[in-house]
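Given next are the chains, with one letter for each unit.
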Amino acid sequence: MGSPRAADYARYARQVVQRLATHFDDLTDPTTAATVEGSISAYLAAPFDVWEVSLDSPALANWRLKPDTGHRVRVALTRMPPRTPDAVQEQRDLERERALTALVQEEPAS
């Protein structure tokens, strides 16, 4: 049987996928969800700096899960900046990135 820590990682991974599924359609597919959960769990069990998971279309890969501290992951926007900067859009993107990261890092309701 797995360790208690492995069970915690699996529970956290499932929570991340469930919470992000309403924001990223690909995570509603059971196979994709299971793959992402497995990747998160494996990362938490043996962290390494270059780990990441694309949350949107692989062709775009703008939104990704990346390592964070404390056995957690964070959401990051990694798209190339537009040729003509748009301060309003940049602020919206930053706010979404922060909100999604807070969503995946909040503790589950008891």
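None of the values given here were measured: they were computed from a predicted structure.

A. Focus on the overall build of the chain. Along the chain, the regular secondary structure elements total 3 helices and 3 strands. Walking the chain from its N terminus toward its C terminus, one meets helices and strands in the order α-α-β-β-β-α. A globule of 110 residues ought to have a C-alpha radius of gyration of about 13 Å, and the chain, at 15 Å, matches this closely. The C-alpha extent of the chain, read off along each of the three principal axes, is 55 × 25 × 25 Å. Relative to its 110 residues, the chain shows a buried fraction of 33%. About 7100 Å² of surface is accessible on the chain, with carbon and sulfur atoms providing 55% of the total. Measuring between centres, the 13 positive side-chain charges of the chain sit 2 Å from its 16 negative side-chain charges.

B. Local environment of the pairing of strand 3 (residues 72-77). In this structure, strand 2 (residues 63-68) lies alongside strand 3, joined through 6 bridges in antiparallel fashion. Of the residues in strand 3, the one forming a bridge with L65 is V75. Linking strand 2 back to strand 3 in an antiparallel pair, the connection comprises 3 residues, with G70 at a positive phi of about 70°.

C. Fine view of the environment of G38. Take G38: it is sitting in helix 2 (residues 30-45). The exposure class assigned to G38 is partly exposed, which follows from its relative accessible area of 38%. Sequence-wise, G38 and A21 are 17 residues apart; in three dimensions their C-alpha atoms are separated by 15 Å.

D. Here's a closer look at the packing of helix 1 (residues 4-20) against helix 2. Relative orientation of the contacting elements helix 1 and helix 2 amounts to 135°, with a least axis distance of 8 Å. When the axis of helix 1 is compared with that of helix 2, the two are oblique. Of the two possible hands of crossing, helix 1 and helix 2 adopt the one that is right-handed. For the pair helix 1 and helix 2, the contacting residues are Y9, A10, Y12, A13, R14, V16 and V17 in the first and A33, V36, E37, I40, S41, L44 and A45 in the second. Per-class residue counts for the contact of helix 1 with helix 2 are 11 nonpolar, 1 polar and 2 charged.

The rules behind these values
- Residues numbered from 1 in each chain as written.
- Predicted model: local features only at pLDDT ≥ 70, side-chain atom pairs only at ≥ 80, totals over all residues.
- Heavy atoms only, no water.
- Helix = DSSP H or I, 4+ residues; strand = E, 2+ residues; numbered from the N terminus.
- Rg over C-alpha atoms; globule rule 2.2 N^0.38 Å.
- Buried < 20%, exposed > 50% of the residue type's maximum accessible area, 1.4 Å probe, protein only.
- Areas by Shrake-Rupley, 256 points an atom, 1.4 Å probe, with all protein chains shown as cover.
- Lys, Arg positive; Asp, Glu negative; His and termini not counted.
- Charge placed at Lys NZ, Arg CZ, Asp CG, Glu CD.
- Pairing = 2+ DSSP bridges.
- Axes fitted to C-alpha atoms, helices over the stretch in contact; angles between N-to-C directions.
- Parallel < 35°, antiparallel > 145°, perpendicular 65-115°, else oblique.
- Left-handed = near helix turned anticlockwise from the far one by under 90°.
- Contact = heavy atoms within 4.5 Å.
- Nonpolar A, V, L, I, M, F, W, Y, C, P; charged D, E, K, R; others polar.

This is a description of form; function is not addressed.
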